[in-house]
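# Examining the three-dimensional arrangement
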Amino acid sequence: MSGPTPTPELSAGEWAVLGALAEGATHGFALARLLGPGGPLGQIWTLPRPVVYQALNKLSDRGLVAPQATERSERGPNRTIVAVTPAGRRALERWLATPVEHVRDMRSELLLKLALLDRAGTDRAATVRTRLIDAQRATLDARLQALRTQEQAGEGFERLLGAWRAASVRAVLEFLSAASPVTPPTAASRR
């Protein structure tokens with residue numbers, strides 16, 4: 001009997017490329033624009049064009065993406081159109097639903113996940129987004145309890161560091177409350 005398939009070890013940049021490619025088959029140059037400094041995802045996670053192509057090669061080697069066709073380019077060589085494989089979609093969904101471990105990675109990794117889910121715009125993505133926010137909140141609640149203990153027991157800089165980390169966790173929890181989907185009131189709650 002085998003357990004769930006593990007999520008592949010990829011960098012946040014490689015996940016960004018896979019997530020962007022999940023929007024539809026395209027070529028590396030288009031992905032590089034999307035993840036460039038002026039691109040919609042580049043506001044969160046910027047990747048230079050050569051790194052996008054390296055990520056595509058790694059994703060292809062792992063069977064997460066596959067070439068579909070070639071397209072003529074008016075400048076330079078033909079472009080290879082790449083699409084996410086079923087295995088890539090499953091891995092991406094698992095990664096998107098997995099809470100971020102470290103508070104220091106919230107600004108980049110959590111926002112990247114939320115942006116990719118928002119861009120997907122599907123009911124399934126909305127469900128995954130809700131699962132992610134709930135799981136992230138639970139992870140941070142447990143982390144906050146541990147930090148309170150550290151803050152109370154610590155001395156000097158250790159206590160100050162605990163206070164900083166606890167304040168950071170509280171800020172992310174506040175953000176998650178604002179990012180939670182609004183549930184329409186039920187008939188019972190309107191009374």
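To keep things clear, this report deals only with the structure shown in the data block. Keep in mind that what you see is a predicted model, and the values were worked out from it rather than measured.

## Some words on the overall build of the protein
Looking only at helices and strands, one finds seven helices and two strands in the protein. Put simply, the protein runs from its N terminus to its C terminus through helices and strands in the order α-α-α-β-β-α-α-α-α. On the principal axes, the C-alpha backbone points of the protein span a range of 60 × 50 × 45 Å. With 191 residues in all, the protein has 39% of them scored as buried. For the protein, restricting intrachain contacts to residue pairs at least 6 apart in sequence, the fraction spanning at least 24 positions comes to 59%. Averaging the coordinates of the 25 positive side-chain charges in the protein and doing the same for the 18 negative ones gives two points 4 Å apart.

## A look at the pattern of salt bridges
The full count for this structure, using the stated rule, is five salt bridges. Here K58 and E14 are joined by a salt bridge, their closest N and O atoms 3.2 Å apart. Taken as a pair, K58 in helix α3 (residues 49-61) and E14 in helix α1 (residues 12-21) lie far apart in primary sequence, 44 residues in all. E109 is the partner of K113 in a salt bridge, and the nearest nitrogen-oxygen pair spans 3.8 Å. Taken together, the positions of K113 and E109, both in helix α5 (residues 106-120) and four residues apart, correspond to about one turn of that helix. E109 shares its class with K113; the two are buried.

## Structural notes on the side chain of K113
A relative accessible area of 1% places K113 in the buried class. Setting aside anything within four residues of it in sequence, one finds K113 in contact with W95, L96, T98, P99, V100 and L132.

## Some points on helix α4 (residues 86-97)
Its twelve residues place the ends of α4 17 Å apart at the C-alpha level, agreeing with the 16 Å of an ideal helix rising 1.5 Å per residue. Inspection of α4 places G88, A91, L92, W95, L96 and A97 among the buried residues, and these make up the whole buried set. Among the structural elements, α1, β2 (79-84), α5 and α6 (123-153) are those in contact with the buried residues of α4.

## A short note on the environment of R131
Structurally, R131 is set in helix α6. Along the sequence, R131 and L96 sit 35 residues apart, while their C-alpha atoms lie 9.3 Å from each other. Each residue touching R131, except ones within four places of it in the same chain, is listed here: E93, A97 and R124.

## Things to note about the packing of α1 against α3
Relative orientation of the contacting elements α1 and α3 amounts to 80°, with a least axis distance of 9 Å. Our classification of the angle between α1 and α3 gives roughly perpendicular. Listed contacts from α3 to E14, V17, L18 and L21 of α1 are V52, A55, L56, K58 and L59. For the contact of α1 with α3, the class distribution of residues is seven nonpolar, no polar and two charged.

## Focus: the packing of α1 against α4
Close contact between α1 and α4 brings their axes to 10 Å; oriented N to C, the two are set at 120°. Relative to α4, α1 is oriented oblique. You can see that α1 and α4 cross each other, and the crossing is left-handed. Every residue of α4 that contacts α1 at W15, L18 and G19 is listed here: G88, A91, L92 and W95. Its residues assigned to classes, the contact of α1 with α4 shows five nonpolar, two polar and no charged.

## A short note on the nonpolar core
In this structure, V17, L18, L41, V52 and L110 are the most contacted members of the largest nonpolar core, which totals 49 residues. For this core, the elements supplying multiple residues, two or more each, are α1, α2 (28-34), α3, β2, α4, α5, α6 and α7 (156-179). For L18, the residues in contact, after removing those within four places along its chain, are L59, L64, V65, V84, G88 and L92.

Cut-off values and rules
Residues numbered from 1 in each chain as written. Predicted model: local features only at pLDDT ≥ 70, side-chain atom pairs only at ≥ 80, totals over all residues. Heavy atoms only, no water. Helix = DSSP H or I, 4+ residues; strand = E, 2+ residues; numbered from the N terminus. Buried < 20%, exposed > 50% of the residue type's maximum accessible area, 1.4 Å probe, protein only. Contact = heavy atoms within 4.5 Å. Lys, Arg positive; Asp, Glu negative; His and termini not counted. Charge placed at Lys NZ, Arg CZ, Asp CG, Glu CD. Salt bridge = Lys/Arg side-chain N within 4 Å of Asp/Glu carboxyl O. Expected span 1.5 Å × (residues − 1). Axes fitted to C-alpha atoms, helices over the stretch in contact; angles between N-to-C directions. Parallel < 35°, antiparallel > 145°, perpendicular 65-115°, else oblique. Nonpolar A, V, L, I, M, F, W, Y, C, P; charged D, E, K, R; others polar. Left-handed = near helix turned anticlockwise from the far one by under 90°. Core = buried A, V, L, I, M, F, W, Y, C linked by side-chain atoms within 4.5 Å.

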